Amino acid sequence: MNKFRQIPEIVFDSPLWTQEKMTHGQALLDLYILASYKSGYIIRSKKLITLEPGQIGQTQEDLARRWQWSVNKVKRFISDLEENRILKVERAGNFNLMTLRDHPQIE
């Protein structure tokens, strides 16, 4: 049975959340936090990219800065999540669009 827990956004907006290098578990949780909750869009390289629920509008470089990891470590982590069918990565122009396979809003 899948359970869903609510945590106030203020926890993840706090500098306490990103002040130190993240563990793999924190990084996975962070992906769920960063995932779009409803349809929307982002602009990358002057191009409009539509985000559906469960999609993440962050580059691997963005995640490396946020998690205080190297870009190569982020790539390996994302690759591991893909292999374990937690995450799906698709090309969207010059951007890799990541989708969480078990996001609460995905039917």
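Since we're looking at a predicted model, the values are computed, not measured. (Residues numbered from 1 in each chain as written. Predicted model: local features only at pLDDT ≥ 70, side-chain atom pairs only at ≥ 80, totals over all residues. Heavy atoms only, no water.)

Caption draft 1: Layout of the nonpolar core. Residues Leu31 and Trp67 are the most contacted members of the largest nonpolar core, which totals 18 residues. Here this core takes four residues from helix H5 (residues 71-83), the largest share from any one element. When neighbours within four sequence positions are excluded, Leu31 is seen to be in contact with Ile56, Leu63, Trp67, Phe77, Ile78, Leu81 and Leu100. Listed in part, the five residues of the second largest apolar core include Ile42, Leu51, Phe95 and Leu97. (Core = buried A, V, L, I, M, F, W, Y, C linked by side-chain atoms within 4.5 Å. Buried < 20%, exposed > 50% of the residue type's maximum accessible area, 1.4 Å probe, protein only. Helix = DSSP H or I, 4+ residues; strand = E, 2+ residues; numbered from the N terminus. Contact = heavy atoms within 4.5 Å.)

Caption draft 2: Structural context of the packing of helix H4 (residues 60-67) against H5. Where H4 meets H5, the axes come as close as 9 Å, and the angle between the chain directions of the two elements is 110°. Here H5 runs roughly perpendicular to H4, going by the angle between their axes. Seen from H4, the contacting residues are Gln60, Glu61, Leu63, Ala64 and Trp67; seen from H5, they are Val71, Val74, Lys75, Phe77 and Ile78. By residue class, the composition of the contact of H4 with H5 is seven nonpolar, one polar and two charged. (Axes fitted to C-alpha atoms, helices over the stretch in contact; angles between N-to-C directions. Parallel < 35°, antiparallel > 145°, perpendicular 65-115°, else oblique. Nonpolar A, V, L, I, M, F, W, Y, C, P; charged D, E, K, R; others polar.)

Caption draft 3: Summary view of helix H3 (residues 24-34). The complete set of buried residues in H3 reads Ala27, Asp30 and Leu31. Along H3, the residues classed as buried sweep out an arc of 105° about the axis, all on the same side. Those residues of H3 that are buried are in contact with helix H2 (15-18), strand S3 (55-56), H4, H5 and strand S5 (95-100). (Arc of directions from axis to C-beta.)

Caption draft 4: Main features of unusual backbone geometry. One non-glycine residue with positive phi stands out, namely Lys46, at about 65°. On the basis of relative accessible area, Lys46 is assigned to the exposed category, the value being 84%. Positioned with a positive phi, Gln68 is a non-glycine residue whose angle comes to about 60°. In this structure, Gln68 sits in the loop between H4 and H5.

Caption draft 5: Structural view of the packing of aromatic side chains. On inspection of all chains with the given rule, the structure shows four aromatic pairs. Aromatic pair Trp67 and Trp69: ring centres 4.9 Å apart, planes at 65°, arrangement edge-to-face. Ring centres of Trp69 and Phe77 lie 5.3 Å apart, and the angle between their planes is 90°; this geometry places the pair in the edge-to-face category. For the pair Trp69 and Phe77, a shared accessibility class is recorded, and that class is buried. Joined through ring pairs, the aromatic side chains of Trp67, Trp69 and Phe77 make up one cluster. Its end group placed over the ring of Trp69, Lys73 keeps NZ or CZ at 4.6 Å from the ring centre. (Phe/Tyr/Trp six-rings, centres within 6.5 Å; stacked < 30°, edge-to-face > 60°. Lys NZ or Arg CZ within 6 Å of the ring centre and 35° of its normal.)

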